[in-house]
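Residue-level listing of the chains:
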Amino acid sequence: ANALDHTNAERWLLIAEAAGLRHDSDARINALKQYMQLAPNDDVAQLHLIDLLVARQQTAGRRLAYLLKIAEGPLATKFSAALRSRVAFRAAMLAAEQGRPAQYGRLLTLSLQLDPTCKQAAAESFRVLVASPDSTAQERAAALLTLFQADPVDARSQATIGQMLMSMAQYTDAVDWFAG
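What counts and how
Residues numbered from 1 in each chain as written. Predicted model: local features only at pLDDT ≥ 70, side-chain atom pairs only at ≥ 80, totals over all residues. Heavy atoms only, no water. Helix = DSSP H or I, 4+ residues; strand = E, 2+ residues; numbered from the N terminus. Buried < 20%, exposed > 50% of the residue type's maximum accessible area, 1.4 Å probe, protein only. Polar contact = N/O pair within 3.5 Å; in protein donor to acceptor, adjacent residues only side chain to side chain. Contact = heavy atoms within 4.5 Å.

K.L.:
Mind laying out the side chain of Glu124, listing which residues take part and the relevant values?
P.N.:
Looking at where Glu124 falls in the secondary structure, it is placed in helix H7 (residues 119-131). The class of Glu124 is buried, set by a relative accessible area of 10%. In this structure the side chain of Glu124 is engaged in a polar contact, spanning 2.5 Å, whose partner is the side chain of Tyr104. Looking at Glu124, its side chain comes within polar contact range of the side chain of Arg127, at 2.7 Å. Beyond its immediate stretch of four places on either side in the chain, Glu124 contacts Phe89, Met93, Tyr104 and Leu108.

Here's what the structure looks like:
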């Protein structure tokens, strides 16, 4: 009976998963579209669908344009801020690959503004600030705290905070971060 019930959202999700195992992107896209009609607030499934649709775009320029429509364009109001944040991050990375540093920076900032818990964007922002000779200690610390807030159980960010405190001779406070 479950196989005949087209209103069963889980059925469409299972069909999408099976299609993915078969590497059948058309069937996976169709199943995810059906699923999204029944479960429109599932950001994870929506992001998988977006990734599949982006992969169909023939050029990097088209992929970026598609992502921009969702992150900040006419389609933005249809999606949650958390989803748009992840899409903006993907667009930022694509802009970086295309050698568009201003657009990369703007989209990375947008990603964190939409959802400061987007760990990928927080990690990338911290990586960029650490690599920049022009960044201040305050900017690096703020980016590190944003990264920590995005994933409070990440041992690497905890250790980095501990190291930063050690470099400022805050040994007692640093120990707490290493004990994490």
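Right, picking up where we left off after that structure.
K.L.:
A description of unusual backbone geometry should follow, citing residues and the corresponding values.
P.N.:
Phi angles above zero are rare outside glycine, and His23 is one such case at about 60°. Of note, His23 is situated in the loop between helix H1 (9-21) and helix H2 (25-38). On the accessibility criterion, His23 (73% relative accessible area) is exposed.

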